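Read off the chains here:
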Amino acid sequence: MSSLLAHVAAGASLYLCNEDSSQRRSSVVVMLPVLLAILPDFDYFAIWFLGVRFEQRYTHSLFFCLAMSCLAWLMARRWCRSRNLILSFWLLLLASCSHLLLDLLVGRSLPLLWPFSVVELCLPVAVLPGAAHTGLISYVFWRNLAVECCLLLPVCVALIASVRRLSLRRYVPEIILVLTMWLGLLFCSSSLTTM
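The rules behind the values
- Residues numbered from 1 in each chain as written.
- Predicted model: local features only at pLDDT ≥ 70, side-chain atom pairs only at ≥ 80, totals over all residues.
- Heavy atoms only, no water.
- Helix = DSSP H or I, 4+ residues; strand = E, 2+ residues; numbered from the N terminus.
- Contact = heavy atoms within 4.5 Å.
- Phe/Tyr/Trp six-rings, centres within 6.5 Å; stacked < 30°, edge-to-face > 60°.
- Buried < 20%, exposed > 50% of the residue type's maximum accessible area, 1.4 Å probe, protein only.
- Expected span 1.5 Å × (residues − 1).
- Arc of directions from axis to C-beta.
- Polar contact = N/O pair within 3.5 Å; in protein donor to acceptor, adjacent residues only side chain to side chain.

**Student:** I tried to follow the environment of A72 on my own but got confused; where do I start?
**Tutor:** Checked against the element boundaries, A72 lands in helix α4 (residues 62-79). Between the alpha carbons of A72 and L32 there is a distance of 7.2 Å; along the sequence they are 40 residues apart. Non-local contacts of A72, meaning those with residues more than four positions away in its chain, are made with L32, L36 and L92.

**Student:** Explanation requested: the packing of aromatic side chains in the structure shown.
**Tutor:** Aromatic ring pairs are reported here in terms of the distance separating the ring centres and the angle at which the planes meet. All told, the structure shown has four aromatic pairs when counted by the stated rule. Consider the rings of Y58 and W114, whose centres lie 4.7 Å apart with planes at 35 degrees: the pair is tilted. Of the two residues, Y58 is situated in the loop between α3 (44-50) and α4 and W114 in the loop between α5 (89-106) and α6 (139-163); the sequence distance between them amounts to 56 residues. With a relative accessible area of 33%, Y58 lands in the partly exposed category. Relative to W114, the ring of F63 has its centre 6.1 Å away and its plane inclined at 75 degrees; by these criteria the two rings are edge-to-face. Of this pair, F63 sits in helix α4 while W114 sits in the loop between α5 and α6; the two residues are 51 residues apart in sequence, bridging distant segments of the chain.

**Student:** Any chance you could explain helix α1 (residues 4-17) here in plain terms?
**Tutor:** Structural remark: α-helix, 3.6 residues per turn; residues separated by three or four positions point the same way. Between its terminal C-alpha atoms α1 stretches 20 Å, which fits the 20 Å expected from 14 residues at 1.5 Å a residue. Taken together, the buried positions of α1 are A6, H7, A9, A10, G11, S13, L14, Y15 and C17.

**Student:** Hey, could you run me through α4 in this one?
**Tutor:** The end-to-end C-alpha distance of α4 is 26 Å, a good match for the 26 Å that 18 residues give at a rise of 1.5 Å each. Here α4 has its buried residues at F64, C65, S69, A72 and A76. Down the axis of α4, the sector holding all buried residues measures 125 degrees, keeping them to one side. Every exposed residue of α4 that faces more than 90 degrees away from the buried side is listed here: L74 and R78.

**Student:** I keep staring at the side chain of D43 and nothing clicks. Help me out?
**Tutor:** The topology assignment puts D43 in the loop between α2 (27-38) and α3. A relative accessible area of 9% places D43 in the buried class. Polar side-chain contacts of D43 include one of 3.0 Å to the side chain of T59.

**Student:** Please clarify how unusual backbone geometry should be interpreted in this entry.
**Tutor:** Outside of glycine, negative phi angles account for most residues, and trans bonds account for most peptide bonds. Of note, the amide linkage connecting W114 to P115 takes the cis form, showing an omega dihedral of 10 degrees. Among the secondary structure elements, P115 is positioned in the loop between α5 and α6.

Next comes the structure, spelled out in structure tokens:
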């Protein structure tokens, strides 16, 4: 699975892509895309605290994401009387589905079409290293987190910049820094595979 940081970054990026995000919003509405982006992993609470083992994690399906997005959108409409505080339903659905996309990029098999099919689907190639469950003091955990940040954060920033039509010329030093990080990451990963 992707790290919590990746899911939070995806939800926050989608919120920042919202055209009206410069307007004042209630904190509940601001947190909705982030919450929806991490919501499919809430079944871990049942796994960790109750010892329940799921044959398939149905929270990682398109149906679950659609249902939770509808629920969040309806709750936001009910709680926020002011029209300018309501987020778009499509933004909430994208935030929820971003979780599935990130987990697919790690190479996980997911029951995307549940309840219509229990077949788990996956991508043929893993793009991201995924979160290592080796503990906070593990080298593998921090390496995978750094790789994930180097790959995903520039994509999130580029998405926000393109949607908001920001001039990229103003960010040339940052772009050069990110390209340098990517080249270093490529060099390190190629040297690790040759060892």
